[in-house]
Amino acid sequence: MGYTREPIPDGLTPPMCFCGDPCKVERSAEDDTWRQRYWMCANWAFDPLERAVQIGKLEPPPLCDFEEWIDTEIDPLDKRVHEGVKEINEEIRRRCELRRKEVEAQKQHKEEERRRKAAKCKAEREKKLERARRAKAALEENPDALRKGKWPRCTQ
Ligand SMILES: [Zn+2]
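Residues numbered from 1 in each chain as written. Predicted model: local features only at pLDDT ≥ 70, side-chain atom pairs only at ≥ 80, totals over all residues.

S.K.: Describe the overall build of the chain, listing the residues and the values that go with them.
M.R.: The helix and strand tally for the chain stands at three helices and three strands. Ordered by position from N to C terminus, the α and β elements of the chain give β-β-α-β-α-α. Counting all 156 residues of the chain, 3% fall into the buried class. A separation of at least 24 residues holds for 45% of the contacts in the chain among residues at least 6 apart in sequence. (Helix = DSSP H or I, 4+ residues; strand = E, 2+ residues; numbered from the N terminus. Buried ≥ 20, exposed ≤ 12 C-beta atoms within 10 Å, placed from the backbone. Contact = placed C-beta atoms within 7 Å.)

Given below as structure tokens:
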């Protein structure tokens, strides 16, 4: 497996690039000329690594910058597919963003819950401390209360 070449359109003869060699066919990856075919230099600026050729990736840049349009408008089917893919990508992005916000909101909710619980515990502790303080004060004012059994003996 190597680089896949686009076939020469029927009835067309490849023009010569600036190097003086017949051009190859390439397809545009730009949005406004999506998959429109054009002639370009078939020579590489350098020889690609064997591995890159095998996996069909990292095609080196052309030797010269000759370019000439074959198609002057986007194929209607290519346009529909391209717009469909863009819509799907947009939908995926939108859902990811929504999910991210959900997770963020959940995190915030948990944090608020934790803070509320901590505040409640603190308030209860303070109430108990206050009760204990009052009980002790009352006992100091009226030591007989203990003997009357108002408080259990073990608190002494
Ligand atoms: Zn060339």
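On we go from here.
S.K.: Give a description of the sheet that holds strand S3 (residues 67-69) that names residues and reports values.
M.R.: Strand pairing in a sheet is mediated by backbone hydrogen bonds. Such pairs are either parallel or antiparallel. Ordered in space as S1-S2-S3, the three strands form an open sheet in which the pairing is antiparallel. The sheet is open, and its two borders are formed by strand S1 (24-27) and S3, each paired with just one other strand. Here the average twist between neighbouring strands, direction ignored, is 35 degrees. (Pairing = 2+ DSSP bridges. Axes fitted to C-alpha atoms, helices over the stretch in contact; angles between N-to-C directions.)

S.K.: Kindly report on unusual backbone geometry, identifying the contributing residues and their values.
M.R.: Its identity as a non-glycine residue notwithstanding, Arg35 has a phi of 60 degrees, on the positive side. Tracing the backbone shows Arg35 in the loop between S1 and strand S2 (37-40).

S.K.: Before we move on, could you go through helix H2 (residues 76-141) and cite the residues and values that matter?
M.R.: With 66 residues, H2 should cover 98 Å at 1.5 Å per step; its first-to-last C-alpha distance of 96 Å lies within 8% of that length. Across the 66 residues that make up H2, only a small minority, zero, are buried. (Expected span 1.5 Å × (residues − 1).)

S.K.: Kindly report on the confidence of the model for the chain, identifying the contributing residues and their values.
M.R.: Put simply, the chain has an average pLDDT of 89, and 89% of its residues get 70 or more. The least confident element of the chain is helix H3 (residues 144-147), whose mean pLDDT is 66; the most confident is S3, at 98. (pLDDT = per-residue confidence, 0-100.)

S.K.: Residue-level account of the pairing of S2, with values.
M.R.: Examined bridge by bridge, S1 and S2 share four bridges and lie antiparallel to one another. In the strand pairing of S2, Lys24 is matched with Met40.

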